[in-house]
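# Architecture and fold: a report
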Amino acid sequence: MSGNEARTVTAALERWAGLRRAACYLAVAALVLAAIGVVHYRAESRGQRQTHETSERLNVSLGQTALVRALETVQSDLAYLAQHNQSLGLFRDEPGAKRALTADFMTFAAEKGLYDQVRFLDPRGMELVRVNLEEAGPRPVPADRLQNKADRYYFEEAAALGRGEVYISPLDLNVERGRVQQPLKPVIRLSTPVFGPDRERTGVLILNYLGERLLGAFRTATANISDHVVLLNADGFWLSSPRPEDEWGFMSGQQRSFATDHRSAWERIRRESAGQFTTADGTYTFATVHPIEPRAGTGRPASGPWKVVSQLGPGELGLGAGAFARHHLPLYSVMLVLLAMGAILLARARLRQRQALMRVAFEQRFREILENIDLMGLGLDVDGTINFCNRALLERVGWEARDLYGRSCFQTLIAAEDRAQYDQLFRELVAGERPLAPSDSRILTREGERRIVAWNCAPVQRPDGARAGLVFLGDDVTEAREAEEQVRMLSRAVEQSPATVMITDPRGAIEYVNPKFTQLTGYTLDEVRGINPRILKSGKTTPEEYACLWKTVTSGGEWRGELQNRKKNGDLYWEAATICAVHDRRGEVAHFLAVKEDITERRRLEDRFRHCVESAPCALVLGDRDGRIVLINRGVEKLFGYARDELLGREVELLLPKELRERHVRYRTAFHSAPNARPMGAGRDLMARRKDGSRFPVEVGLIPVEDSDESDLVLASVVDITERRRLERALVERDVTIAESRALAAVGRMANMVAHDIRNPLSSVKMGLQIIGKQLADRLTPEERELSGIALEQVHYMEEILDDLMSYSRENHLSLEWLQVDKLLDAAVLLVQRQIDEHRVTVRTRYQTGLPHLHGDATRLRRAFSNLILNAAQATRGLQDREPQVLISTHLELAPGRPRIRVEIRDNGPGVDPDQIPRLFEPFFTTRSAGTGLGLPIVRRIVEQHRGTVEIWPGDTGTCVSVVLPTGPLELPAQEAQPERSADLALAAGDFDPDAPAGGSQPP
């Protein structure tokens, strides 16, 4: 066989071996792909099933939550309605209470829109109040149509409950006259007993909740599974179902139910509270809803729990094999084709690799020596092409051998800016124009990093003696060259540093100092070399500080601090020092390094500034932009009671009351956005807080300060103005007292004059007009009778003015007795009933039951309340758009000490100007065309005599006057506790009060 034939046979055998190898690769890949497909199918099927199960549980839970929240809302409404009206005392069989309760029920039914009926039954089961919700809105049922429900189960169950317990009826359809109401109206009845102030049972409160709202909330929450979710009652009948014909079967007598259709599944659902399980019929997911949780004191339901159940068929959870195949067949087909192509390519690559290994096998023996040395080896042809590179070189540059062989060294391993220079140098070496001497050059790694290499080179000779290339052996010296350059740079930096630098050996002997040290201390390096730094000691630094310094640096730490040392000429100076240890390669201390800065001038300025700040006559606080305290003086410690360490670094809001801190942060931020000096007295007065929690008023001045590091600082000066405020208030109170005293004296003199000079003639005029009106009534013309009536009204008006003047001017002494507030107010209304009727005002009362008695003067209090009621009635004059009304209400307030009774008198008139409220209690100030302006000052005097307060504020409509009186015995000074003088003595003195009691404490 010839050589060509042998090569042909060998090539054919190699191709056949390659085909067999490709077939083996393809078979292995197909098996792996099939296994991947099986695992993929199982994982996706399991994941889809878990997703469906989780979705079912979530949607069932949403339906359960919607039902629970709806029931909680209804129970909360029932509790609120019961507690609210019990607190107002409206659960009584009284006309006024029933009217108020009906109004409250109608408002409640209109606002909620959830309840078909709201009813209140007395203890015998008789309906006292019932409100029906109709299409037009809530409507009260007339008294003649109210029914007795004593025989109904929801009344009997509720009547047996205790305070706070609730009865809930089953969810069923409303039945009218023995038939199910059409259209269907699902209803739940909730009832609870109600009680009076003395804990007696006053009846039962019942709500008829529209079940369609509850079912609507359930269907909305389970909309995602609406085609297979149901709501069941305790007997397994459908309350809600995707098939409407299945619902409410128990109301029509049907025997078919969920329990009969799914017997085995229903037994488990009925026993357990919640869960998910799978049977031959499919997967069931269920949860339980209790109308009322079975806890003590919260009520008891009348029916068993409800069940929320979803059912998926047997094939609806998992993923079928057919669906998986249809979905993923294209993907797996493409993968199989790619694997076949990969197998062919891999077989060809193996064949080429085998051929290449055979070609380079003989070269490997010659390069093993260069491959195993630690020096980088590089071989270049005469044109700079790489023909060899060893392992050490490849590790340094990050390339693979196949990426470098046959490529130009200058295009691959040399940076662009160095290529021309190195190419020229290489050509001179190949030509023998430059000696082959060691040299440094920079090479480029694959990541672009430049490394410095120290090269030695040798020529590669041809048989004819010409150079066929060069072989280079080199060592990476990048770190060594950088370290040398860094040492040179650090040496120059230390020599030129503006700070003093000192280096000692481990024993503390000085080895080096820089020129700045000589300039500062006067000692040269030759004078201090080998000497301990203690020659600089001034004696001002304590041994403890030096001990702490050496302990820190010898343990490997860094010490920072300030030292006072002495120069060569004896002068003292301050320096800020940083001292640390320098370790050798073994981790042992080789040197100590000290870097120091002369801070003598800074310390002098700081001492001067600190003295100025500490000596300031006010408290000074320096804060940064974030509101943190940087500096304080002794005035702050004295004023606020904090130690200096307790405030430094804390936020300045610590010095303010808690309720003002958040607002102060906004003020501080706004100030820093536009910082301007704010002198004392030009800003707002603030309240400050000491460490012990006491509050006091302060005045603050602000000055923006720029720090050296360009941070925004603010210097605040704080002055306690408590004493100034006290003096100002005392001055104002003194002025008010003087003014009131003068006014009182003037009114007293005028009242005495009126009593002696006007009252008797005015009585004669009044008597004459009354005689004329009675005896000559038949002979007077209509015009004369009208004039006579007008004159008599003016006489009455003048008498009222005289009464006000006399009441305000004379000294009043209280006749104390125990009073019932409601009777006192009713008597006050009777006093002004005529004026109320003239103004056509409706007076409504709302008295809290069970109020304690008041200790006071019945006559004075009746006069005060009648004045306020008359003012409220007059305030409604001229109303056109609404009925004039006055509401009188009372309630008990619990306050520190003893309780108080608050009486509020509200009108629905146009209201009072808020700017005029502070002047309404001033004598002779009035907002009306008629009157003396003494009514409200008289009221205030009477209330303050009873140790109470009176306030006026505008309401949503009209004005509200609030009178607060203390309960319990009233303790008065001796001069106020004198008994009243007789009516004759008062008349003789000229200060007879027409409203005084006639022979007792009852009103005339």
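Fair warning: this is a prediction, and the values are worked out from it, not measured in the lab.

## A closer look at the pattern of salt bridges
Counting across every chain of the model gives 50 salt bridges. Arg-450 is the salt-bridge partner of Glu-417, the closest N and O atoms lying 2.9 Å from each other. Residue Glu-417 is located in the loop between α10 (409–412) and α11 (419–431), and its partner Arg-450 is located in strand β19 (residues 450–461); the two are separated by 33 residues in the primary sequence. Among the residues examined, Arg-450 registers a relative accessible area of 40% and is labelled partly exposed. Put simply, Arg-427 and Asp-423 hold a salt bridge, and the shortest N to O gap is 3.0 Å. With Arg-427 and Asp-423 both in helix α11 and four residues apart, the pair spans about one turn of that helix.

## Comments concerning helix α6 (residues 263–271)
Side chains that are three or four residues apart share a direction in an α-helix, a result of its 3.6 residues per turn. Listing the buried residues of α6 in full gives Ala-265, Trp-266 and Ile-269. Taken down its axis, α6 places every buried residue within 100° of arc, on the same side. The exposed set on the far side of α6, more than 90 degrees from its buried face, consists of Arg-263, Ser-264 and Arg-271. The inward-facing, buried residues of α6 abut β10 (229–232), α5 (258–261), β12 (274–279), β13 (282–289) and β15 (306–312).

## Description of the pairing of strand β22 (residues 510–513)
When strand β21 (residues 500–504) meets β22, the two strands line up antiparallel, connected through three bridges. Within the sheet, the bridge partner assigned to Thr-504 lies in β22 and is Ile-510. In this structure, the hairpin formed by β21 and β22 is closed by a connection of five residues, where Gly-508 is found at a positive phi of approximately 100°.

## Some details on the sheet that holds β21
The strand order across the open sheet formed by five strands is β22-β21-β25-β24-β23, and the pairing between neighbours is antiparallel. In the strand order of this sheet, the two ends are held by β22 and β23 (558–566), each with one partner. Direction aside, neighbouring strands of the sheet carry axes that sit 25° apart on average. Across the sheet, helix α16 (residues 600–614) touches β23, β24 (572–583) and β25 (589–598), and the angle it forms with β24 is around 125°.

## Quick notes on the confidence of the model for the protein
When the pLDDT values of the protein are averaged, the result is 80; 83% of them are 70 or greater. Segment residues 294–300 is flagged for pLDDT under 50; beyond a separation of four residues in sequence, or across chains, it makes 17 contacts in the model.

## What to know about the environment of Ala-221
One can find Ala-221 in helix α4 (residues 211–221). Note on Ala-221: relative accessible area 22%, which makes it partly exposed. Other than its neighbours up to four places away in sequence, Ala-221 contacts Asn-59, Leu-62, Gly-63 and Ala-66.

## Details of the nonpolar core
If you look at the biggest cluster of nonpolar residues, it comprises 43 residues, and the most contacted ones within it are Phe-105, Tyr-209, Leu-214 and Trp-306. Not counting residues within four places of it along the chain, the set of residues in contact with Trp-306 comprises Leu-71, Leu-171, Ile-188, Leu-214, Leu-231, Leu-232, Asn-233, Leu-239, Ala-287, Thr-288, Val-289 and Pro-291. Membership of the second largest hydrophobic core comes to 40 residues, among which are Leu-851, Val-903, Ile-938 and Val-963.

## Some remarks on unusual backbone geometry
Of note, Arg-840 is a non-glycine position whose phi angle comes to about 55°, a positive value. Note on placement: Arg-840 falls in the loop between α24 (833–838) and β32 (842–847). The exposed category is assigned to Arg-840, whose relative accessible area is 72%. Non-glycine residue Arg-947 carries a positive phi angle of around 60°.

## Describing the side chain of Asn-633
As for its position among the elements, Asn-633 is in the loop between β27 (629–632) and α17 (634–640). Relative accessible area serves as the criterion here: at 0%, Asn-633 is assigned to the buried category. At 3.0 Å, the side chain of Asn-633 forms a polar contact with the backbone oxygen of Cys-618. Contacts of Asn-633, omitting those with residues within four sequence positions, involve Val-613, Glu-614, Ala-616, Cys-618, Ala-619, Leu-620 and Arg-644.

## With respect to the packing of aromatic side chains
Enumeration according to the criterion identifies 14 aromatic pairs in this entry. Cluster of aromatic residues (ring-pair linked, three or more members): Phe-108, Tyr-115 and Tyr-209. Positioned above the aromatic ring of Tyr-546, the side-chain terminus of Lys-537 is 4.4 Å from the ring centre. It is Arg-690 that lies over the ring of Phe-696; its NZ or CZ is 3.9 Å from the centre.

## Side note on the pairing of strand β16 (residues 376–381)
By the criterion of burial, β16 is predominantly enclosed, with five of the six residues buried. Here β16 pairs with strand β20 (residues 467–476) via six bridges, running antiparallel. Residue pairing for β20: Gly-379 is matched across the bridge by Val-471. Pairing analysis gives three bridges linking β16 to strand β17 (residues 386–389), with the strands arranged antiparallel. Across the sheet, residue Leu-378 finds its bridge partner in β17, namely Cys-389.

## Considering the packing of helix α25 (residues 858–875) against helix α26 (residues 935–945)
Any two packed helices are characterised by the angle at which their axes cross and by the distance between the axes. Between α25 and α26, the shortest axis-to-axis distance is 9 Å and the interhelical angle comes to 145°. The handedness of the crossing between α25 and α26 is left-handed. Residues Arg-860, Leu-861, Arg-863, Ala-864, Asn-867, Leu-868 and Asn-871 of α25 pack against Gly-935, Leu-936, Ile-938, Val-939 and Ile-942 of α26.

## Examining the environment of Arg-99
If you trace the backbone, Arg-99 turns up in helix α2 (residues 95–112). Arg-99 sits in the exposed class, given a relative accessible area of 58%. Through-space distance from the C-alpha of Arg-99 to that of Val-129 is 8.7 Å; in sequence the pair is 30 residues apart.

## Examining the packing of helix α23 (residues 821–831) against α25
Relative to each other, α23 and α25 sit at 60°, their axes nearing to 8 Å. Classed by the angle they form, the pair α23 and α25 counts as oblique. Where α23 crosses over α25, the handedness of that crossing is right-handed. Facing α23, whose interface residues are Leu-824, Leu-825, Ala-827, Ala-828, Val-829 and Leu-831, α25 presents Ala-858, Leu-861, Arg-862, Phe-865, Ser-866 and Ile-869. Residues that form the contact of α23 with α25 fall into these classes: ten nonpolar, one polar and one charged.

## Looking at the sheet that holds strand β37 (residues 959–966)
Pairing is mixed across the open sheet formed by five strands, whose spatial order is β32-β34-β35-β37-β36. One side of each edge strand has no neighbouring strand; the edge strands of this open sheet are β32 and β36 (949–954). Going from strand to strand, the sheet's axes swing by 15° on average, the running direction of each strand aside. Along the sheet, α25 contacts β34 (885–893), β35 (900–907) and β37; its crossing angle with β35, the most-contacted strand, is approximately 25°. Strands β36 and β37 of the sheet are contacted by α26, whose axis makes an angle of about 140° with β36.

Rules used in this analysis
- Residue numbers here run from 1 along each chain, matching the order of that chain's written sequence.
- Side-chain atom pairs in this predicted model are given and counted only at pLDDT of 80 or more, local residue features only at pLDDT of at least 70, and totals for whole chains, interfaces and linings cover all residues.
- Calculated side-chain values reflect all of the structure's heavy atoms, with hydrogen atoms and water omitted.
- By convention in these notes, a salt bridge is any Lys or Arg side-chain nitrogen within 4 Å of a carboxyl oxygen on Asp or Glu.
- The helix and strand labels rest on DSSP assignments: H or I over at least four residues marks a helix, E over at least two residues marks a strand, and numbering proceeds from the N terminus.
- Only protein chains enter the accessibility calculation, which uses a 1.4 Å probe. A residue is then buried if its area is under 20% of the maximum for its type, exposed if over 50%, and partly exposed in between.
- The arc in question is formed by the directions pointing from the helix axis toward the C-beta atoms.
- Here, two residues are considered to be in contact whenever any of their heavy atoms come within 4.5 Å of each other.
- Paired strands are those between which DSSP finds at least two bridges.
- For helices, the axis comes from a line fit to the C-alpha atoms of the stretch in contact; other axes are also lines fit to C-alpha atoms, and the angle between any two N-to-C directions lies between 0 and 180 degrees.
- pLDDT expresses, on a scale from 0 to 100, how confident the predictor is about each individual residue.
- Here the nonpolar core consists of buried residues drawn from Ala, Val, Leu, Ile, Met, Phe, Trp, Tyr and Cys, with membership extended through side-chain atoms lying within 4.5 Å.
- Here a polar contact is recorded for every N or O atom pair within 3.5 Å, except that within protein the pair must consist of a potential hydrogen donor and a potential acceptor, and residues adjacent in sequence are included only if both atoms are side-chain atoms.
- Stacked, tilted and edge-to-face are the three classes applied to pairs of Phe, Tyr and Trp rings, where Trp contributes its six-membered ring and a pair requires centres within 6.5 Å; stacked means planes under 30 degrees apart, edge-to-face means over 60, and tilted covers the rest.
- Here, a charge over a ring is recorded when the distance from Lys NZ or Arg CZ to the ring centre is within 6 Å and its angle to the ring normal is within 35 degrees.
- Handedness of each helix crossing follows the sense of rotation of the near helix against the far helix: counterclockwise by less than a right angle gives left-handed, clockwise gives right-handed.
- Angles are sorted into four bins: roughly parallel if under 35 degrees, roughly antiparallel if over 145, roughly perpendicular if 65 to 115, and oblique for all others.
- The nonpolar class holds Ala, Val, Leu, Ile, Met, Phe, Trp, Tyr, Cys and Pro. Asp, Glu, Lys and Arg form the charged class, and all remaining residues, Gly among them, are polar.

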